[in-house]
Structures are given as structure tokens and as C-alpha cells.
Amino acid sequence: MMGRSLLAYIPVNIANLIVSFGTVVILTRLLSAQEFGRYAIAVITMQFAHMLVFTWIEASAARFESRADREGETASYLKTLYSLGAGMSLVASVLFAVVLILLPLSVVMKTVLAFAIGSTCLQVLFNIGMEVHKAAHRIKRYSLSFSTQTILSFSIGIILILATPLKESGPFVGIIIGVLLVLTFDLVFMLPRLKGGTFDREKVKTYARYGVPISLSLILAIALSSADIYLIAAFMGEASAGEYNAGYNLANRSVEMLFIWLSMAVTPMAITAFEKSGSQVSETIMRDYGASLLWITLPAATGIALVAKDAGFILGESVRENAVLVMPWIAFAGVLNGFINYYIQRAFVLSSETKSFVWVLLAPVVLNIGLNLWLIPLYGLLGAVLATIAAYSLGAVIAFSVARRYYPLPLPIKAFIKISFACLIMAICIIAIPWPDSWPNAVRLLAKAGWGVCVYMIVCWLVDAANCRTVLVSAISKIRPSQSPEVVRD
């Protein structure tokens, strides 16, 4: 079942892949380091704003669909969610506009932030529909809608950068246009399902009790991962912020996409199992999920660390030199961050103890900001990376310790040991080969990646890391056509 869900989400991940790498490949070439730095600051500010105001609604849409369906209250559930989204969007637009006017920023920075925040105020209505589709296991509809919006928004943004003076504001205008187009079609499908529903104030209270702590925890999570951009810009300038963000995006986003892919497929399954069958069934799903996350993301991070210099050609020259220096560190930091946000956090979601996750992240955020203030003036961008790794490590330990109080979250130690061994052998085999310097970077990158994948898969098969041997044999047996005496004849 997990395998079918993963396959169904492939279009979404292809769209995310195109946009993620397109951002660093295209935008770092079309924009100067300073312009890309302003774009990066606007993206993070947009994420902060969205999590502060809207994420609790989207989280509730994902969590309570199964319950609403079981209780026959789907129409009221949808009516309440969409009414909340529209109302909060209107109020937030006015409040954010006032704040932007009062902030002592340059006109260029205010313009970029205005488009960024405007796009996120619109996107909540689109996101509600997407979360409902996922929770209801309408994966094909979700996959088509999300993929179309993602690619369309990105493409329009690039066109606007090339054809208009919008520059770093172009991608956010592209989001606005793309969301409006796809949202129109999605509402045609969703609005009839609101018929007969009522706005339920009690549901709002339930959603707020569940969702607000998630919003607060995500604000702390993004502060943990992205607050250093503001500090780098303050200490070193917007250009340095652009360099750091380019390296961070290329390394961390590559790993994070894998976490998102698995999470999209497994989280709705775990919630449905927990609601209908209790913690024992969902615990089995989570155990396999944790091992699968390690099996995919740890070798990816190892590979990024090994080929960071070769992958530098992907980035524009204005940000390349310093960006590749932070990529190996960021890749492994991304694994820690992913486990906190896409694995450990699920224990708080399933147990509905989301408020506890807020306090879990408080100490790592404080540590991260404190270390950044100390280390950035001393070591520059490397100081920011070291602060991030230290904070993530503390966060992972605290989060898992607290999560186990509320939900029997498995710790895949055996899988971690075997996968780490496979990654070590892979690294040794890549480093041991004298790759010719005369090869183009792209060729050397592909050669190292291909060789690394082969070595890793062989070692994983030999040690049966994350039960991959069993899974692969089972998958082959399902694909292989049955040959009974009645079918096979001369």
C-alpha cells in the first residue's frame, strides 16, 4: 500500500524537483547575488507569515477529514475550513500591509515582501483543498492540481523576470497567477461538497486547539532552519545571504524533497489507521516509515557531501564559490531537520499532543540564534552551518524523548547502523577512484552518483538494510505474471 502511494505522488515530486532545482539553476543566473538574497529573505518571511496565520487551518484539514467522514459531517467540516481560510486571508492582508508600510525597509524590499505575502494570503484557499484531497486519499486529483500549480507558477515567474522589471518579485507574482488559475478549477469540484454544511464554531475551537500548536511549532522549526538568513544579511549583507541560501537550497532541498515524498504517502495512512484501528497498526506503519526515511535520505546526504564541488556548476557564478562550501554540512543537517519535522513530529500529530511539540523546539531555536550571533562574526557562513547542526542535534534528542511519552514512536537503530555502514562503503568507493579532472563537472557528477548508487544498493542488499531485500523480492513477485497450467499451454 505504501508503495502504491509513493508511486501516485511521483508527479508532485517531479514538480517539486523541477521548481527546487530551477530556483537555484535559473534564478541564481537571472538575478544578482543581492537580488537573490532579497528573494530568499522574502521566501522565508512569506513562510513565517503563512505559518503564523494559516497553517493551523491546513493542518486541521489534514487531521480531521477521516473523523468528519466517519461522523457524516463532511459538508460542515469543509464549510468551516473554507470560511476560516477566506476570513483569515482578508484580515491578514490588511494587517500585513500596515506592517509593511511601517517597517523601515527599502522600497525594493517592501515591494518584494508585498508580493510574497500577498501570494501566501491567497494560497491558503488552494492549500485547504489540497490537504483535504490527500486526507481523503484522492491522490490523483491532488497530484494533478498541485503539480500543475507548481509548474505553472514557476514558469510564469521566470517569464516575468525575463520580460518585466519585476526581477525578484516575479516569482511571487507567478505564484499568485498560478494559484488563481488552478484554484478556480479545484473550487468547481469542492464547492458542491459544502452544500448543506454550516459554519461550526465548536469545530473552530477543536481545530484551533489542534492546529495552533502545530503553527507555533512550525514557526519555531523555520526559525531553527532559516533565522540565520536574517542574521547573515545583517552581519554580512544581502549578497552573502543569497550565497548561503543558494547552497542551502541545493543541498537541503534535495534531501527535504525525499522526506516530503515519503511523508505525503505515509502520513494520511498512519492517521487513518490510528483513527480506525488504534496505535498498534499505526505503529507498524511508522516503524517501516522511519526505516524507509533513513534508507533514502542518508545516502542522498552522503552523496551530496561527496559531489558538492562537482555540483557547483548548477549554481550561478555570483553565488557559486561560497555556496559549495556549505553544501556538505547542510546535507547532513537536512537529515536531522527532516527527522524532526517529518518523522518525530508525526508522533505529536497522531497523539493530538501538538502543543507539546512547541516547547520541544524552543531550546534548539534559542541555541541556534545564540550560536549564530557568536559564530557568524567569527567564521562567516561556516559559523551559521555549525550553529544549525548543533541546534538540530539538540532538537532531535529532545523531540524524540518527549514524543515517546505520548506515542510509541519506534527508533530504527538497527536500520540506521546498516544504512550508515552502506553509506560508509559507498563513500570509500567513490573517494578511492581517481576521477579525471579533465572530465566536465556534469559528467564527473553523474559518474560518481551512478557508481555510488550501485555500491550502496549492493551493500544494502547484502546486509538487508531496512528490510530492502524482503521488500524488493515482494515487489518483484507482485509484478511477475502468474503462470498456471491453465494459462501456459503449447
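Remember, it's a predicted structure, so these values are computed and weren't measured experimentally.

A. Inspection of the packing of aromatic side chains at higher detail. One pass over the full model with this rule turns up 16 aromatic pairs. Pairing Phe36 with Tyr39 gives two aromatic rings, centres 5.7 Å apart and planes at 40 degrees, and the pair type is tilted. With Phe36 and Tyr39 both in helix α3 (residues 33-53), this residue pair falls three residues apart, about one helical turn. When its relative accessible area of 0% is taken as the criterion, Phe36 is described as buried. Geometrically, the ring pair formed by Phe64 and Tyr210 is edge-to-face, given 5.3 Å between the ring centres and 80 degrees between the ring planes. Residue Phe64 is located in helix α4 (residues 55-71), and its partner Tyr210 is located in helix α9 (residues 201-236); the two are separated by 146 residues in the primary sequence. Across this residue pair, the class does not change: Phe64 and Tyr210 are buried.

B. Spatial organisation of the pattern of salt bridges. Going through the model one piece at a time under the given rule, you end up with eleven salt bridges. We note a salt bridge from Lys205 to Glu202, for which the minimum N-O separation is 3.4 Å. Separated by three residues within a single helix, Lys205 and Glu202 lie in helix α9, roughly one turn from each other. Among the ionic pairs, Arg287 bridges to Glu283, the shortest N-O distance being 3.5 Å.

C. Layout of empty space enclosed by the protein. What the rule picks out here adds up to two cavities of 30 Å³ or more. The volume enclosed by the second largest cavity comes to roughly 50 Å³. In this structure, the second largest cavity is lined by Val266, Thr267, Ala270, Ile271, Met286, Tyr289, Arg346, Val349 and Leu350. At the level of secondary structure, the elements contributing two or more residues to the lining of the second largest cavity comprise α10 (238-277), α11 (279-307) and α12 (317-350). No other element matches α10, which puts four residues into the lining of the second largest cavity. Of the residues contributing to the lining of the second largest cavity, the split by class is seven nonpolar, one polar and one charged.

D. Local environment of the layout of surface pockets. Considering only enclosed or pocket space, the second largest pocket measures out at about 880 Å³ in volume. If you go around the second largest pocket, you meet 29 residues; those closest to its centre are Ser254, Leu258, Ala300, Ile304 and Ala449. Secondary-structure elements contributing two or more residues to the lining of the second largest pocket are α2 (10-30), α10, α11, α15 (413-432) and α16 (441-463). When the residues that make up the lining of the second largest pocket are grouped by side-chain class, the tally is 24 nonpolar, four polar and one charged.

E. Looking closely at the environment of Lys134. With respect to the element layout, Lys134 can be found in helix α6 (residues 107-135). Spatially, the C-alpha atom of Lys134 lies 7.8 Å from that of Met264, the residues being 130 residues apart in sequence. Those residues in contact with Lys134 that sit more than four places away from it in its chain are Tyr9, Tyr142, Met264 and Pro268.

F. Structural detail: helix α13 (residues 354-379). For α13, with 26 residues, the first-to-last C-alpha span of 36 Å sits near the 38 Å given by 1.5 Å per residue. In the segment just after α13, Gly380 is the residue with positive phi, at about 65 degrees.

G. Geometry of unusual backbone geometry. For Asp464, which is not a glycine, the phi torsion comes out positive at approximately 55 degrees. With respect to the helices and strands, the residue Asp464 is situated in the loop between α16 and α17 (468-479). In this structure Asp464 comes out as buried when scored by relative accessible area, which is 15%. In this structure, Ala466 takes a positive phi of about 55 degrees despite not being glycine. In this structure, Ala466 sits in the loop between α16 and α17. The class of Ala466 is partly exposed, set by a relative accessible area of 22%.

H. Molecular detail of the nonpolar core. One finds Tyr77, Phe172, Tyr244 and Leu409 to be the most contacted residues of the largest nonpolar core, which totals 153 residues. In this structure Tyr244 touches Asp228, Ile229, Ile232, Val326, Ile330, Leu381, Ala384, Val385 and Thr388, once residues within four positions along its chain are discounted.

I. Representation of α6 within the structure. With 29 residues, α6 ought to run about 42 Å at 1.5 Å a step, and its terminal C-alpha atoms sit 42 Å apart, in line with that. Along α6, the sharpest kink reaches roughly 35 degrees, centred on Gln123. Most of α6 sits out of view: 21 of its 29 residues are buried. One or two positions beyond α6, positive phi appears at His137, with a value near 65 degrees.

J. Structural context of the packing of α10 against α11. Remark: α10 packs on α11, axes separated minimally by 9 Å, with the N-to-C direction vectors making an angle of 175 degrees. Relative to α11, α10 is oriented roughly antiparallel. Among the residues making up the contact of α10 with α11, the classes are represented as 19 nonpolar, seven polar and no charged.

The rules behind these values
Residues numbered from 1 in each chain as written. Predicted model: local features only at pLDDT ≥ 70, side-chain atom pairs only at ≥ 80, totals over all residues. Heavy atoms only, no water. Phe/Tyr/Trp six-rings, centres within 6.5 Å; stacked < 30°, edge-to-face > 60°. Helix = DSSP H or I, 4+ residues; strand = E, 2+ residues; numbered from the N terminus. Buried < 20%, exposed > 50% of the residue type's maximum accessible area, 1.4 Å probe, protein only. Salt bridge = Lys/Arg side-chain N within 4 Å of Asp/Glu carboxyl O. 1 Å grid on protein atoms, 1.4 Å probe; cavity = no way out; pocket = protein on both sides within 12 Å on 5 of 7 lines; lining within 4 Å. Points joined across faces, edges and corners; volume = space filled by probe spheres on them. Nonpolar A, V, L, I, M, F, W, Y, C, P; charged D, E, K, R; others polar. Contact = heavy atoms within 4.5 Å. Expected span 1.5 Å × (residues − 1). Core = buried A, V, L, I, M, F, W, Y, C linked by side-chain atoms within 4.5 Å. Bend = angle between axes of the 7 residues up to and from the residue. Axes fitted to C-alpha atoms, helices over the stretch in contact; angles between N-to-C directions. Parallel < 35°, antiparallel > 145°, perpendicular 65-115°, else oblique.

Read these as layout, nothing more, since geometry by itself doesn't imply function.
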